[in-house]
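# A closer look at the structure
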Amino acid sequence: MDNDSFGDGAGQARPPRDTGAPDFKKSAKAPARTVQLVAGDFLLTVNPVDGSEIEPCPPGQLPTRPGRHSEADRSERQRAAQPPVPAGPPAPRLPLLERGDERERLVRLLSHGRSVRLTGPAGSGRSALLDIVAENCANLAPDGVVRLSGHNRTPTELLHELFAAVHSAPLYRPDRAALLEHVKDIGAIVVLDDLEFGGAALGELLDAAPECAFLVAATPDVAAPAADSHLEEVFLAGLGRSASLELLQRTVERPLTEDESNWAGDLWFESEGLPLRFVQAGALLRQCDSLRTDPETLDDYTPFDGVQEVEVPLPTLGEGAAPAALLASRLSESARETLRFAVALGGEVPHQAHLPALVGDTHADAALGELMSCGLLSPVGTRYRLAAGVTAQLTEKGYADEAAAHAHTAAQHYTWWAGHPSVTPERAVAEADAVLAALGMLVPGLEAGHPSAAVLLARSAAPAFAAGLHWSAWERALRAGSEAARIAGEVAEEAYFHHELGVLALCTGNLDRARAELETSIGMRGALSDKRGTVAGRRALALVEDRSGGPVVAARTPAGEEIPAARSEQSASPAPVLALGRGIGPGPGAGGAQKEDGEAATLLAPPSGGGAKPIRRLAVFGGARRNLVAAGAGALLAAVLGTVVTLGATSDQQDPPSNKVRNGQSANEDDGNDGLDADVPADGSTNSPGGGPSDDPKKPDPVTPGASSSTGDASTPGGRPSSNASTPGGRPSTSGRPPTPTKSSTTKPTSPPSSSSPTPTPTTTPPTSSPPPSSSPPPAGGGEGSSASAPMTGSAAPSDSGDAPVI
């Protein structure tokens, strides 16, 4: 029955099959994979498109105290932490020769809670000894045995890995304080191989976990621990002659000939009995055995006794001391190509699942077994690396001639793989060292296309490292990507890397670095008109400012420009109280609120006065507690100043002294009164409309209606200082307007109190000449030639008597 006519009998015709495309409809591009995790008290959303977003973690999403893994979970995690078993026939398990005394001593010290440092040269069998000791100490500690790798690890990263190995806390990375609190309660035997630091850093690691017994293995070139670290030292030397020959015989799986024994004796003297050399020497002898049999003489009817052997000489002593090139020449092409990739990646061997795609052979995963059987690889954590000395030996034989091309191929493969939705962050973290090695080869940008390939790889791998909580790899990928983007001229990608570095620095508590990286990213994205990225950067930067206790970023217009500060040239009374990010008080301008250090201010008390224009209000950004305290202090200060000014002004108005001299008058002793009498300006003075001096000092000037009674600091109806007021010191005005007459010293001012400074006491001798009139605004300092002094916050206008209140 035709499926197209099933049901109602009116089936639709199928679309034509595209021979070059699958028969299913192509789906749209997969959405970006975002991961949300808790870092300290931050909620971090890893966004590989616009940049990670960070915010304070809501109280409901903060993780509770994490529980511990069960014994079954610990066993499963330890099994997953072992390097993968190579494909092909299993290699024979070699015995641990002449290590019984060291093994018993290590187990005894660890059982008593003592920490030990095992020191031995590369190839001395440290990892094999650690495996045996870890099996013997499995039931000594309540939290079991924790295996860690110190290769490319810092003390902080090792503490985080120790926390994750014992506690069940997915998608949670505690801050420094919480990490130390959790780690100090762990009771486990910590077996740490390939340690790369010593001294104070090692002491910091040991002190952070006082309930753990550490067994650390390092080479002699690593710095020694501090004197107060209380570490027991155990040195691992090479094997003896007899043990070395026994190991070689077990590797070859047959008895040695006399010539082979003599050759092995010379090799023991040269290598000082390192077990790795005899494992590689056994691989050379096995290859010689396979080459002695001529495959052309074998057929289906030839008996075994009739097999002809090919004469193959023993390797020389030099070939036995550096056997990597000779061993590689007798392996398959896939194995040799794998070695080329490993040399290009600085000794890192890609996982066997990646080898078919990299090498181009579907059976290339079997190459890992070939290399392991020859002793060219050594396990490091969850992966394999080239054994000690192999990288230098292969580089000398030309395996690094095309290292840049192999690194470029590996980068392209890892870019596709790390960004695939099926790849979990844990799998990406397991390949972190190989990915970072590929980045390190491409970042110098010696060939065209390499920087752009490094940018793509960093963009793909960095979010996976962040989600996998391997933050040291995250930082290294970001810095390599930033440098590659700078070389390639990709500004948008460089801005992304700077944003991620700022978020990472904020998570780790480095606020200065976070501010610098985020400001750089915001500037780049602003130039590119990247609104979404700019918003994400500003949010992160606002969080940095809030954590640093300083002012938050000033508000910006939609175009990205800062909002200007409020400016006002009018005098205001009473003076407004300003709430600034770093202080309380008005700006230095004439009565207006000014912005200090680029921060926005808010007028808490609007200016009073009928003629003054309202001053604009600015938004308050931030919410720091000290702003509230400063605002209260400013309000209290303004109230006190207002009270003092009011009391002083009231006192002057009730009891005006009779012996005060006002501006624009001269002292006269011929009046017959007690003391000096203040005369009104003469007709011929510069205060009169005529501008000439008067011969009659008793003749008053005509009264101007509507003029202010304050002669020391006359103001216009709008509160703006007038240019026709007399200058301090008795200097007459040159504006051409008649001066304001004074009827009595007790007359109240008709304009609101001004915020200007009190008028200084004038001199009794008028000047002989006056400055020419000027249309420019007077200086704020009240110096010579100015019509009004600089305003003072909280002060009132001087009274007619000339008294100035003392504050």
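One can find the structure itself at the top, above this paragraph.
Residues numbered from 1 in each chain as written. Predicted model: local features only at pLDDT ≥ 70, side-chain atom pairs only at ≥ 80, totals over all residues. Heavy atoms only, no water.

## Points about the overall build of the protein chain
Looking only at helices and strands, the protein chain features 24 helices and 17 strands. Counting all 807 residues of the protein chain, 44% fall into the buried class. Looking at the protein chain alone, contacts between residues at least 24 apart form 68% of all its contacts between residues at least 6 apart. Of the accessible surface of the protein chain, which amounts to about 41100 Å², a share of 54% is contributed by carbon and sulfur atoms. (Helix = DSSP H or I, 4+ residues; strand = E, 2+ residues; numbered from the N terminus. Buried < 20%, exposed > 50% of the residue type's maximum accessible area, 1.4 Å probe, protein only. Contact = heavy atoms within 4.5 Å. Areas by Shrake-Rupley, 256 points an atom, 1.4 Å probe, with all protein chains shown as cover.)

## Quick notes on the nonpolar core
One finds Leu-44, Ile-54, Leu-439, Phe-465, Trp-471 and Trp-474 to be the most contacted residues of the largest nonpolar core, which totals 59 residues. A per-element tally of this core places helix α19 (residues 450-467) first, with 10 residues. Leaving out residues up to four positions away in the same chain, Trp-474 has contacts with Leu-44, Ser-52, Ala-462, Phe-465, Ala-466, Glu-500 and Leu-504. Grouped together as the second largest cluster of nonpolar side chains are 33 residues, Phe-163, Val-183, Ala-188 and Cys-212 included. (Core = buried A, V, L, I, M, F, W, Y, C linked by side-chain atoms within 4.5 Å.)

## Some points on the pattern of salt bridges
The tally for this structure, following the rule as stated, stands at 30 salt bridges. Note that Arg-486 is salt-bridged to Glu-483, the shortest N-O span being 2.5 Å. A residue pair is termed a helical-turn pair when its members lie 3 or 4 positions apart in one helix, as Arg-486 and Glu-483 do in helix α20 (residues 471-488) at 3 residues. Residues joined by salt bridges that share partners form a network here, namely Glu-333, Arg-336, Glu-337 and Arg-340. (Salt bridge = Lys/Arg side-chain N within 4 Å of Asp/Glu carboxyl O.)

## Quick notes on the sheet that holds strand β9 (residues 189-193)
The sheet built from 5 strands is open, its strands ordered β6-β9-β10-β5-β11 with parallel pairing. In the strand order of this sheet, the two ends are held by β6 (145-149) and β11 (232-235), each with one partner. For this sheet, the mean inter-axis angle between neighbouring strands, taken without regard to orientation, is 15°. One ladder, built from 5 bridges, connects β6 with β9; its direction is parallel. Within β9, the position partnered with Val-146 by the bridge is Val-190. (Pairing = 2+ DSSP bridges. Axes fitted to C-alpha atoms, helices over the stretch in contact; angles between N-to-C directions.)

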